[in-house]
Amino acid sequence: MLPGVGVFGTGKLLEAVVPHLRSLGFRVVALWGQTLEDAGNVAGSLHIDYFTSRIDDVLLHKDVDLVLVLSPPSLQSQIAVKAMGIGKHVVCDRPAGLCQSELLKMVLAAQYYPSLLSVVGYGLRYLPAVRQLRQAVRDGYVGDVRLVEVRVTCGSLLEGAGYSWLCEPAMGGGLLSLIGSGVVDLVSHVIGQRARRVHGTLRTYTRQTRLIAGIRHVGSDDFCTFQMEMDGGALVTVSLNAHLSGLQQEVVVCGDWGHLTDGQYVAAVLEAVRVSAATQAWTQVNIRSRMLETNYLGMALKAADA
């Protein structure tokens, strides 16, 4: 029998995810929302019997064996680490926390409980077009990869929404966090190279909307561009623009023979892009191998290795 699923989050993504899980034979048995009202409304529309605004109530539910974390980024690491600590399988949405430190806690928890499923949902890599693109690159259709260009345009991420975590970069809002994280993973997945250093610019052009006015303002980026120098010699240019209608995306991979068109590593790149945007200088991508603060999981792993 497939495991029962507990879902954290009340966003529109659930309208697609929950029916799909059920079509695969999973039972969605519990739902968490930031408020009991939000949780109740979504649970009612998706026919989920149990709902709550308390994290532990879902994690300790007797029928929940798999946790799907679709919560705001500020809560993702906390939920995932706690879930693995009590023996639950975890699938977490991107960007999987706010920074490398939070993501490293998740990595250490996953290493400490190797029998548990622990996955970050960078879904772009599973698109049929991306899978074909990756296979073509691996088969040598373009030769050695020299350049990659990625362009994503979309409407405002705040369309029809009031003030929330989406407005604050420190809470995980903005194009770089929500879309850029998937792009970074996609590029490395397709060409098999990892970023060595980056240079980026973030801009917030729309600071107030019809629903966000007065003393409140938007701080999250609605335009982002950055370059990545990869460890295999390729140069990647990414442009993310939330000032157009509809969603369009294009990935171009250029090599010496031709071209093709279509966290912990991702978190490190995003941190470096933010530093570069503030300093206007190329910034080294530094991937941490240990926590700066005392971490009991890290200590346990070190002791086990000894």
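Higher on the page you've got the structure.
Before going into details, it helps to say that this report is about the structure given with it. What you are looking at is a predicted structure, and each value in this text was computed from that prediction instead of being measured. (Residues numbered from 1 in each chain as written. Predicted model: local features only at pLDDT ≥ 70, side-chain atom pairs only at ≥ 80, totals over all residues. Heavy atoms only, no water.)

**Notes on the overall build of the protein chain**
Okay, step 1: When its secondary structure is counted, the protein chain shows nine helices and 13 strands.
Okay, step 2: In terms of overall dimensions, the protein chain is globule-like: its C-alpha atoms have a radius of gyration of 20 Å, near the 19 Å expected for 306 residues.
Okay, step 3: Principal axes of the C-alpha set define a box for the protein chain whose edges measure 60 × 55 × 40 Å.
Okay, step 4: Counting every position in the protein chain, which comprises 306 residues, the buried fraction comes to 45%.
Okay, step 5: Counting only carbon and sulfur atoms, one obtains 53% of the accessible surface of the protein chain, whose full area is about 15500 Å².
Okay, step 6: Here the protein chain contributes 26 positively and 26 negatively charged side chains, and the mean placements of these two sets differ by 3 Å. (Helix = DSSP H or I, 4+ residues; strand = E, 2+ residues; numbered from the N terminus. Rg over C-alpha atoms; globule rule 2.2 N^0.38 Å. Buried < 20%, exposed > 50% of the residue type's maximum accessible area, 1.4 Å probe, protein only. Areas by Shrake-Rupley, 256 points an atom, 1.4 Å probe, with all protein chains shown as cover. Lys, Arg positive; Asp, Glu negative; His and termini not counted. Charge placed at Lys NZ, Arg CZ, Asp CG, Glu CD.)

**Overview of the packing of aromatic side chains**
Okay, step 1: A full pass over the atoms with the stated rule returns two aromatic pairs.
Okay, step 2: A centroid spacing of 5.8 Å and a plane angle of 40° characterise the contact between F8 and W32, whose relative ring orientation is tilted. Of the two residues, F8 sits in strand β1 (residues 4-8) while W32 sits in strand β2 (residues 27-32), which places them 24 residues apart along the sequence.
Okay, step 3: Judged by its relative accessible area of 4%, W32 is buried.
Okay, step 4: Seen from their ring centres, Y112 and Y113 are 4.9 Å apart, and the 85° between their planes marks the pair as edge-to-face. (Phe/Tyr/Trp six-rings, centres within 6.5 Å; stacked < 30°, edge-to-face > 60°.)

**Looking at the pattern of salt bridges**
Okay, step 1: A full pass over the atoms with the stated rule returns eight salt bridges.
Okay, step 2: One salt bridge connects D63 with K62, and the closest N-O pair in it is separated by 3.3 Å.
Okay, step 3: A relative accessible area of 72% means that K62 is categorised as exposed.
Okay, step 4: We note a salt bridge from D93 to R94, for which the minimum N-O separation is 3.3 Å.
Okay, step 5: Accessibility expressed as a relative area gives 27% for R94, which makes it partly exposed.
Okay, step 6: The structure contains a network of salt bridges with shared partners spanning R196, R197 and E229. (Salt bridge = Lys/Arg side-chain N within 4 Å of Asp/Glu carboxyl O.)

**Things to note about the pairing of β1**
Okay, step 1: Judged by how many residues are buried, β1 sits mostly within the fold: five of five residues are covered.
Okay, step 2: Judged by which residues are buried, β1 turns out to be covered on both faces: G4, G6 and F8 on one side and V5 and V7 on the other are all buried.
Okay, step 3: Bridging between β1 and β2 involves five bridges; their strand directions are parallel. Following the sheet pairing, G4 is matched in β2 by R27.
Okay, step 4: Since β1 and β2 lie parallel, the crossover through helix α1 (residues 14-23) that links them has a hand, and here it is right-handed.
Okay, step 5: Where β1 meets strand β4 (residues 66-69), four bridges bridge the pair, whose relative direction is parallel. Bridging across to β4, G6 finds its partner in V67. (Pairing = 2+ DSSP bridges. Right-handed = clockwise from strand over helix to strand, strands pointing away.)

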